[in-house]
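Letter by letter, the chains look like this.
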Amino acid sequence: MLQPTATDAVVRMRDITIAFPGVLALDGVDFTLRRGEVHSLMGENGAGKSTLIKALTGVYRIDAGSIVVDGAGRDFHGTADAQAAGISTVFQEVNLCPNLSVGENVMLGNEVRRAWGIDWRATHREAARHLASLGLSLDTRSTLSSHSIALQQLVAIARSMVTSASVLVLDEPTSSLDRSEVEQLFGVMRDLRDRGVAILFVSHFLDQVYEISDRITVLRNGRLIGEHSARDLPRDELVSQMIGRAVAELEAVATTAERTIDRDATPVLRASGVGRRGSIEPSDIEVHRGEVVGLAGLLGSGRTELVRLLCGADRADVGTIAIDGREVRIPTPRHAIGERIAFSSEDRRGEGIIGDLSVADNIVLGIQARRGWMRVVGKEERDRIAREAIEALGVRPANPDTPIRNLSGGNQQKVLLARWLAVEPDLLILDEPTRGIDVGAKADIQRKVAELSAEGLSVIFISSELEEVLRLAQRVVVMRDRRKIGELDSKDVDIDGLIGYIANEGVRAAA
Amino acid sequence: MRAVLRSRLLWPVLALVALVVVNTVARPSFLGITVRDGELYGSLIDILRNSAPLMLVALGMTIVIATRGIDLSVGAIMAVSGSVSLTFIDSSSDPDGVGTVMIAIAMGVALALLLGVWNGFLVAVLGIQPIIATLVLMLAGRGVALLITDGFITTVTSAPYRFMAQGYLVGLPFALYVSLVAIAVIVLLERRTALGMLTEAVGINPSASRLAGVRSRGIVWGAYIASGVLSGVAGILYSSNIMAADANAAGLYIELYAILAVVLGGTSLMGGRFSIVGTVIGVLTIQTLLSTITFLGVPPAVSPVFMAAAVIIVVLIQSPRVHGWTSAAAARLRARRTPERTEVTA
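Everything numeric in this text was worked out from a predicted model, so none of it was measured. All residue numbers here refer to positions counted from 1 along the written sequence of the relevant chain. Lettering of chains starts at A and numbering of ligands starts at 1, both following the order in which they are written. In keeping with the model being predicted, local features are shown solely for residues with a pLDDT of at least 70 and side-chain atom pairs are shown and tallied solely at 80 or more, while totals for entire chains, interfaces and linings include all residues.

S.K.: Please give an account of the overall build of chain A that cites residues and values.
M.R.: The helix and strand labels rest on DSSP assignments: H or I over at least four residues marks a helix, E over at least two residues marks a strand, and numbering proceeds from the N terminus. If you tally the helices and strands in chain A, you get 19 helices and 22 strands. Here the globule rule is a power law, 2.2 Å times the number of residues to the power 0.38, and the radius of gyration is based on C-alpha atoms. Its C-alpha atoms give chain A a radius of gyration of 26 Å, near enough to 24 Å, the size a compact globule of 511 residues would have. The C-alpha extent of chain A, read off along each of the three principal axes, is 80 × 50 × 45 Å. Using C-beta atoms placed from the backbone, we call a residue buried if 20 or more other C-beta atoms fall within 10 Å of its own, exposed if 12 or fewer do, and partly exposed for counts in between. Counting every position in chain A, which comprises 511 residues, the buried fraction comes to 48%. Summarising the internal contacts of chain A: among those between residues at least 6 apart in sequence, 69% fall at separations of at least 24. Any residue pair is listed as a contact if its two C-beta atoms, each placed from the backbone, are within 7 Å.

Structure below.
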C-alpha cells in the first residue's frame, strides 16, 4: 500500500463552511484526498458528509474556505466545473439514462465523431474497452435498465473513467448490492486505486469501510473530528467518535424492555381476521397495555400492509378491530387518531414530513388536525409543545422554526415521533422508524420507545433489523408471504432462531 | 434590515415601486390626488378601484393554488353571477329598489357558490385533475351565462347596483372597501385559524397530511368554494361597472391575470406556502401595468406586446437565478478592482 505524503494530495479542502437557513451544515472542515487511496468519510446522518461531498462536486457553493484540486484553487459554480477539474461522482441512485444502451451511457458526450457524424461502431468499441479495463464484459448495445443496479453502478464508474477522472466520489454505492456484487465493486475500486485514482467512499456498513479503506475521516455535527489511518483506528473508537458517546448506551435500552405484560386484561387492540384482497390475508394481532409487539419478516412479507389496515391508511375488506374490547370501524387515518391509534409510515419523505413547514408546525400538525381548523393551536402553545419535544427527543438543530426539510433523516424521524406522541395515543405503530438513520438517533428513538412503553403506551414496532425488534419487543409476530405465520416470546428466541423461524415457516413451532 | 432583505416580499414590493416610479417620471401627475366634493380622485385611486374584481379573483386563486390546484373557471363564474344579477334586476318591477338589488346580488353570489361546490366536488371527491375539472366550467360557464341572458347583452339602470363599482363611501370608492373586506376576511380565516397551515400542509404533502388526520377533502373543497364565491362577487362588481351583463367579455382572461398575480406575489404554482399580502401586491402590480398602458398612450395594437415585455421584466426582477447572476457579476467587478490576486475563495 502506498504511504502517501502531503505532496500526493489531489484535493485539499480547507476551512469549508456551508450554512443553510437555521443550520450550519459544515463548520470550518478540512479534508484532504490523496492520489491512490480509498478514503472513507464517516459520520452520523446530519454530520455533514453529504454536504461536504456536494461542496466537492460543485452541487453546493461554499460560504467560506478554499478548495484546491491538483494544486489550483477552484471556485465551483456547478457540477460541470467539478467534472472539468477531474472529479467524478457516482451517487446512491445511479444517475445514468436507463433507456439508453450501456455503450451510449458510458460514452455520453464523448462519442467518437467523424466528419459525417457519430461513429457508433467505434463508440461502442471504445465503451467496451473502458468496461474491459474494469474487468466487465457487457454487451454495450444492451439497454442499461436490463442490468442489475450493481452493474449499472459499475457502468457509471466506467463512464467517469472515460473523462479520465483523478478523483472518484462514491456516495453509498453499496446500499443496494449483495455480497458478491460488493466484492466486484471493491475489486474495481482497488484496481483504480492502484492506478492512482483518489477515491472518496461513503458507506453506513462498518465492515465494508474497514475492508476497503486506507484512511478514514470522521465528521460530527458539521465539524471535523479527526483523520486516521484505517489500520490505527479501532472500531469502537470510530463509533464513539461518530456518535460522541459510548456504545454502551445502546445496550442499556435492552434492560428496560425486559418486563412482564399482563396478558389476561382486555387488550388495547385486538384485530381478528383483518385482511384486504391482493394485499394481506386475514390475520389476527393483539397488543396489550404497555406492550411492544415486534413485527418481523422479510421486505414484502405483509408487515406494512397489516398495520396500514389497523390505522386506516388502507381499508380492510374483512375482519374486526376492537379497541379496549369495543368493536370499532377505522376507515380513515382520522378515525384511527380518534381511537388514539397513531401511525408513523416507513416512507418518511412521502408520507411523513411536510417539507416546507417548520419543525414546530410539523409537530403540532397531528393535534391541529384532530382539533379541526377552527380551534387553532396558538403560537405560545405551539412553541411550548415544540420546545418540549425537541428537548425530550434531542432534535438537532434545536430550532423550532427551521423548515423540516433542512434536518437530517434521523432528526426528521424524531420530529415525526414527536408529532405522534403529541396526539397522546394509546397505541403507537412505528413502521421502520430507524431505517437509514444514524446510530445516535437510532439509540435515542429506541430508548424513547422503551421508556414510553414502560409508562403504559402500547407499541407495534416494525423493523428489518431483527436485533432491534428483539431488543425492544416482548412479543414478536412473524409474517411471511403476506400472512402471519406465528408469534414468539422474545425471551425464548435469539436472532438465529428468529431468522430460522422466518425462513422455515413455523416448522420449528410445530415441532 | 437583514429581515427585510430576506423577506419573500422584498422583490414583489420593489417591482411595484419601480412601476410607480416609471409612471411618475413619465407623467408627474400620476401621484396626484384631488379632492372633489369630499371624494378622492386620481390615478392611484383609479388603480385601487379598478383592481377590485382581479383582487377578489386572485385571493381565491391563491388559496386554490396553495392546495396544489388551479381554478380556470373564475372568469366564466364572473359572467354567470353578473348575468343572473342583472337579469333579475331587469325583470323586476323596481330596478332601483335596494331590496331588489340585495336579492339580485345574493342570487348571483349563491349561484357562484354552487359552481364552486361543483368544481370542488370534481377535484376533491372525484379526484379529477384541477386543470381539467375547472376547464369544464371555464368552457360551459359562459354558455350558461348566455342562456340566462337569452344571448343578449342585458343592460339596466339601477342606482344602487351602480353604486357597487362606481359609488363613493366616506371619500373612497366603494369597490375599494369590498377589496379590503375580502382581504381582511381571507387573512383572518387563513392566519387566525389553522386553515392556512392545514391548507399548506395539504398542498405540500397530501399523503402525509391524510395520515396525520387532516381532512384534506374538506380543505380542498373549501378552497374551490371560496374561489367561486369571490369570483361571484367580482362578477357583480364588473357588471356594475359597465351596468351590463356581457356573457362573452365579462372576466375574459382574468384567470390568467389572477394566476400571474399569485405568482408575482411569490406563491409557487407547486402549492404549499402562500402569501396573501404577496397576492395583493401582485394584483396592484398588474393593475398598475394596465393603467400604465393607458397613461403612456400605448396604441391598442401593441399594448399586448407592451404588457408582455413589462411582465417579463417584472418576473426577471424577482427571479432568484437573476439575483444570483447579478450578485456574482458584482462580486467579479469588486474582485477586479482589488489590486493583488488572492487565492479564490467563494
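Next comes the rest of the description.
S.K.: Explain the pairing of strand β13 (residues 269–276) of chain A to me, using residue names and the numbers behind them.
M.R.: Residue and element names in this part refer to chain A. When DSSP finds at least two bridges between two strands, those strands are taken to pair. Note: β13 against strand β14 (residues 280–287), five bridges, orientation antiparallel. Directly across from Val-274, in β14, lies its bridge partner Ser-283. Taking the residues between adjacent antiparallel strands as the criterion, β13 and β14 are bridged by three residues, where Gly-278 takes a positive phi near 75 degrees. In this structure, β13 lies alongside strand β16 (residues 318–323), joined through five bridges in antiparallel fashion. Paired with Leu-269 across the bridge in β16 is Ile-323.

S.K.: An account of the nonpolar core is needed here, citing residue identities and associated values.
M.R.: Nonpolar side chains in soluble globular proteins tend to be buried together. A set of buried residues drawn from Ala, Val, Leu, Ile, Met, Phe, Trp, Tyr and Cys, joined through C-beta atoms within 7 Å, is what defines a nonpolar core. With 179 residues, the main nonpolar core has Ile-429 of chain A together with Ala-258 of chain B as its most contacted residues. It is helix α12 (residues 216–242) of chain B that provides the largest number of residues to this core, a total of 14 residues. As annotated, the domain borders come from an automatic or database domain assignment. Mapping this core onto the domain boundaries places at least three of its residues in each of domain 2 (246–340 + 425–511) and domain 3 (350–424) of chain A. Setting aside chain neighbours within four positions, we find Ala-258 of chain B in contact with Leu-54, Val-57, Ala-58, Met-61 and Val-74 of chain B. Listed in part, the 66 residues of the second largest apolar core include Leu-33, Ala-47, Val-197 and Val-202 of chain A.

S.K.: Help me get a handle on unusual backbone geometry, residues and values and all.
M.R.: Residues and elements named next belong to chain A. Across the junction of Arg-396 and Pro-397, the peptide omega takes the value -5 degrees, indicating a cis bond. At Glu-172, a position not held by glycine, the phi torsion is positive, near 50 degrees. Residue placement: Glu-172 occurs in the loop between β9 (167–171) and α6 (179–194). On the neighbour-count criterion, Glu-172 (18 C-beta atoms within 10 Å) is partly exposed.

S.K.: Report on helix α14 (residues 379–393) of chain A, specifying residues and quantitative values.
M.R.: Residues and elements named next belong to chain A. Here a helix's expected span is defined as the number of its residues, less one, multiplied by 1.5 Å. The first and last C-alpha atoms of α14 sit 21 Å apart over 15 residues, in line with the 21 Å expected at 1.5 Å per residue. For α14, the complete set of buried residues consists of Arg-382, Ile-385, Ala-386, Ala-389, Ile-390 and Leu-393. In an axial view of α14, the angular spread of the buried residues amounts to 130 degrees, which keeps them on one side of the axis. Along α14, the residues that are exposed and aim more than 90 degrees away from the buried face are Glu-380, Glu-381 and Glu-391. Where α14 is buried, its residues contact α13 (359–371), α15 (409–422) and α16 (439–454). A positive backbone phi angle near 65 degrees is found at Gly-394, which sits one or two residues after α14. Within this analysis, the arc is defined by the directions that extend from the helix axis to the C-beta atoms.

S.K.: Residue-level account of the environment of Asp-178 of chain A, with values.
M.R.: Following the sequence through the fold, Asp-178 of chain A ends up in the loop between β9 and α6. In sequence terms Asp-178 of chain A and Ala-150 of chain A are 28 residues apart; their C-alpha atoms lie 8.4 Å from each other.

S.K.: So what's going on with the sheet that holds β16 of chain A? Residues and values would help.
M.R.: Residue and element names in this part refer to chain A. As summarised here, the arrangement of the four strands in space is β14-β13-β16-β17, forming an open sheet in which the pairing is antiparallel. In this open sheet, the two strands that pair with only one neighbour each are β14 and β17 (326–328). On average, adjacent strands in this sheet sit at an angle of 25 degrees to one another, irrespective of strand direction. Where β16 lies against β17, three bridges are found, and the strand directions are antiparallel. Looking at the pairing, Ile-323 lines up with Arg-326 of β17. Lines fitted to C-alpha atoms define the axes here, with helix axes fitted over just the stretch in contact, and angles between the N-to-C directions of these axes take values from 0 to 180 degrees.

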